[in-house]
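Listed here are the chains, written in short residue letters.
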Amino acid sequence: QVQLVESGGGLVQAGGSLRLSCAASGRIFSSSAMGWFRQAPGKEREFIATISWSAGRTLYADSVKGRFTISRDNAKNTVYLQMNSLKPEDTAVYYCAAADWYFGGSATHYSYWGQGTQVTVSS
């Protein structure tokens, strides 16, 4: 139903910025939410942020609040994650995901996932 393709990952110095993009090739319903998650080696997948597709309501994890911003361009079927003031502990594989009839940070409620993109923050 929905295919997600991510881009924008890479290597950045601490304090720097990156913008991740996730383009959806399938239909995104108005009741959908798009989220960003990350997973560092040896750790569980962690919720980062989510946004409702229709109204743009957002929710952030405390660890990134004030540093990361999630946004979407409905016309382009694309969701973004602007990451500022990056820290080495932000190093992880970042995934975008889509959920239907759900708005929140539980990974188990998201049915569609991108391939992931590596973000590495050096000291």
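This text goes with the structure placed above it.
Residues numbered from 1 in each chain as written. Predicted model: local features only at pLDDT ≥ 70, side-chain atom pairs only at ≥ 80, totals over all residues. Heavy atoms only, no water.

1. Focus: unusual backbone geometry
Despite not being glycine, N77 shows a phi value in the positive range, around 55 degrees. The residue N77 is located in the loop between β7 (68-73) and β8 (78-83) in this model. Although it is not a glycine, S85 adopts a positive phi angle of roughly 50 degrees. (Helix = DSSP H or I, 4+ residues; strand = E, 2+ residues; numbered from the N terminus.)

2. A few points about the state of the cysteines
In this structure the tally under the stated criterion is one disulfide. Between the sulfur of C22 and that of C96 lies a disulfide, 2.0 Å long from S to S. The sign of the 50 degrees torsion about the S-S bond sets the C22-C96 disulfide as right-handed. Placement of C22 in strand β3 (residues 18-24) and of C96 in strand β9 (residues 92-100) is noted, with a sequence separation of 74 residues between them. With a relative accessible area of 0%, C96 lands in the buried category. (Disulfide = S-S within 2.5 Å. Buried < 20%, exposed > 50% of the residue type's maximum accessible area, 1.4 Å probe, protein only.)

3. Quick notes on the environment of S111
Along the chain, S111 turns up in the loop between β9 and β10 (112-113). Judged by its relative accessible area of 54%, S111 falls in the exposed class. For the pair S111 and L20, spaced 91 residues apart in sequence, the C-alpha separation works out to 20 Å.

4. Structural notes on the packing of aromatic side chains
Within the structure shown, the criterion is met by six aromatic pairs. Where F37 meets F47, the ring centres are 5.7 Å apart and the plane angle is 65 degrees; that geometry is what we call edge-to-face. A residue pair is termed long-range when its members are at least 10 positions apart, and F37 in strand β4 (residues 32-39) and F47 in strand β5 (residues 46-52) qualify at ten residues. In this structure, F37 and F47 share a single accessibility class: buried. Consider the rings of F37 and Y110, whose centres lie 5.0 Å apart with planes at 75 degrees: the pair is edge-to-face. Taken together, the positions of F37 in strand β4 and Y110 in the loop between β9 and β10 put the pair 73 residues apart, joining distant regions of the chain. Across the pair, exposure class does not vary: F37 and Y110 are buried alike. Pairwise contacts between aromatic rings join F37, F47, Y95, Y102, Y110 and W113 into one cluster. When the ring centre of Y95 is taken as reference, the NZ or CZ atom of R45 above it lies at 4.1 Å. Sitting over the face of the ring of W113, R45 holds its NZ or CZ atom 4.7 Å from the ring centroid. (Phe/Tyr/Trp six-rings, centres within 6.5 Å; stacked < 30°, edge-to-face > 60°. Lys NZ or Arg CZ within 6 Å of the ring centre and 35° of its normal.)

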